[in-house]
Amino acid sequence: MEKIVILTGAGISAESGLATFRDAGGLWAKHRIEDVATPEAFIRDAGRVHRFYNTRRAQAAGVRPNAAHAALAWLQAAHPGEVVIVTQNVDALHEAAGSRGVIHMHGELARALCAACGHRWDAPPEMSRADACPACGACACRPDVVWFGEMPYRMEEILDHLAGADLFAAIGTSGQVWPAAGFAQEAAGAGAHCVEINLEASAVASDFHEARQGRASRVVPEWVAGLIGEAGVQSP
Ligand code: APR
């Protein structure tokens, strides 16, 4: 049965009220990446980095999934084949909509990581450099989020999924951050039909066979309804 692999980016959470990164007024218009999203920033000023993620954690806790998240959960439940969701997002909106097995390649706001021993635990609402690791006691806790210059999580597993995909969709991502920006190429190379669902053409739009432009909360439910309505997914 046809395997579907879906990559999501900040655009799928925009209509839930979470800022994207590169749109006008986005997070990188208000913060310098070098100040809040690199290992060097954390060494230089852990408090500033924690404040940035504490704010995002509080915002993420206050929003709800939108129709696009719900449609992907519906697809996972209704499609007879495997549906794998890989997200660049660190919010938990896919899980809140009912999706299962979501691969957070850039980590999760809801998790904490000890930079000293590698222990992971559920993050408190507010983290600070004074927090001690529950396992080793060191005061070296950080958000379990992948920073620029660090390796994304579960890449081998993701590449295996892409190698076996019949249909690949990227939803709400600008295609400017690698390795996620290269996933359509990987999937197309393995014979998958690749669809880009976004407000506008991304930086890697030419890697896709099909484009559906518009707000995710409208376009994704339409796309999913079409897939399920075809009595399972037929590659076009
Ligand atoms: N519906 C569909 N697409 C949307 C919507 C919407 N309502 N709103 C915005 N978009 C699109 C924008 O057009 C843009 O192409 O979502 C994309 C968001 O792009 P970015 O802000 O660059 O976010 P993303 O691609 O997820 O960034 C990737 O960069 O900074 C790092 O780690 C961070 O995971 C992030 C990665």
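Residues numbered from 1 in each chain as written. Predicted model: local features only at pLDDT ≥ 70, side-chain atom pairs only at ≥ 80, totals over all residues. Heavy atoms only, no water.

J.: Help me understand the site of the ligand, please; the structure alone is not making it clear to me.
T.: Taken together, the neighbourhood of the ligand is formed by 23 residues, with Ala10, Phe21, Arg22, Thr173 and Ser174 sitting nearest. Here an oxygen atom of the ligand and a backbone polar atom of Gln88 are 3.2 Å apart. Between a nitrogen atom of the ligand and a main-chain N or O atom of Leu199, the distance comes to 3.3 Å. Protein coverage of the free-state accessible area of the ligand, which is 740 Å², stands at 95%. For the shell around the ligand, a count of residues per class yields eight nonpolar, 10 polar and five charged. A domain split of the shell around the ligand shows at least three residues from each of domain 1 (1–17 + 64–106 + 151–236) and domain 2 (19–62 + 109–145). (Near = heavy atom within 4 Å. Polar contact = N/O pair within 3.5 Å; in protein donor to acceptor, adjacent residues only side chain to side chain. Areas by Shrake-Rupley, 256 points an atom, 1.4 Å probe, with all protein chains shown as cover. Nonpolar A, V, L, I, M, F, W, Y, C, P; charged D, E, K, R; others polar. Domains from an automatic or database assignment.)

J.: Before we go on, may I ask you to explain the sheet that holds strand E7 (residues 167–171) in this structure?
T.: Within a sheet, each strand pairs with its neighbour through backbone hydrogen bonds, oriented either parallel or antiparallel. If you trace the six strands from one edge of the open sheet to the other, you get E3-E2-E1-E7-E8-E9, paired in parallel fashion. Each edge of the sheet is formed by a strand with only one pairing partner; in this case those strands are strand E3 (103–104) and strand E9 (210–213). In the sheet, strand E8 (residues 193–198) pairs with E9 via four bridges, with the strands oriented parallel. Its bridge partner being in E9, Asn198 is matched across the sheet by Gln213. (Pairing = 2+ DSSP bridges. Helix = DSSP H or I, 4+ residues; strand = E, 2+ residues; numbered from the N terminus.)

J.: Mind showing me how you'd approach the domain arrangement of the protein here?
T.: Domain annotation of the protein identifies domain 1 (1–17 + 64–106 + 151–236) and domain 2 (19–62 + 109–145). Across the contact, 11 residues belong to domain 1 and 11 residues belong to domain 2. For the pair domain 1 and domain 2, the summed buried surface comes to about 870 Å²; carbon and sulfur atoms form 57% of the total. If you sort the residues of domain 1 by the area they bury against domain 2, Ala10, Val90 and Tyr153 come out on top, with a joint share of 50%. Scanning the region where domain 1 abuts domain 2 turns up zero salt bridges. Here domain 1 and domain 2 share three residue pairs in polar contact (both at pLDDT 80 or more) between them. Classifying every residue of the side of domain 1 that touches domain 2 by side-chain character gives five nonpolar, five polar and one charged. (Contact = heavy atoms within 4.5 Å. Buried area = accessible area lost by both parts, 1.4 Å probe. Salt bridge = Lys/Arg side-chain N within 4 Å of Asp/Glu carboxyl O.)

J.: Is there a simple way to think about the packing of aromatic side chains in this case?
T.: Given two aromatic rings, their pairing is described by the distance between the two centres and the angle made by the two planes. Tallying each qualifying case throughout the model produces seven aromatic pairs. When the ring of Trp28 is compared with that of Phe52, the centres are 5.9 Å apart and the planes differ by 25°; the resulting orientation is stacked. Note that Trp28 is positioned in helix H2 (residues 27–30) and Phe52 in helix H5 (residues 46–61), a separation of 24 residues in sequence. Each member of the pair, Trp28 as well as Phe52, is classed as buried. With centroids separated by 4.9 Å and ring planes inclined at 80°, the aromatic side chains of Phe52 and Tyr53 adopt a geometry described as edge-to-face. In terms of burial, Phe52 and Tyr53 fall into one category: buried. Three or more aromatic residues joined by ring pairs make a cluster, and in this case those are Phe21, Trp28, Phe42, Phe52, Tyr53, Trp147 and Phe148. The ring of Trp147 carries Arg142 above its face, with NZ or CZ at 3.7 Å from the centroid. (Phe/Tyr/Trp six-rings, centres within 6.5 Å; stacked < 30°, edge-to-face > 60°. Buried < 20%, exposed > 50% of the residue type's maximum accessible area, 1.4 Å probe, protein only. Lys NZ or Arg CZ within 6 Å of the ring centre and 35° of its normal.)

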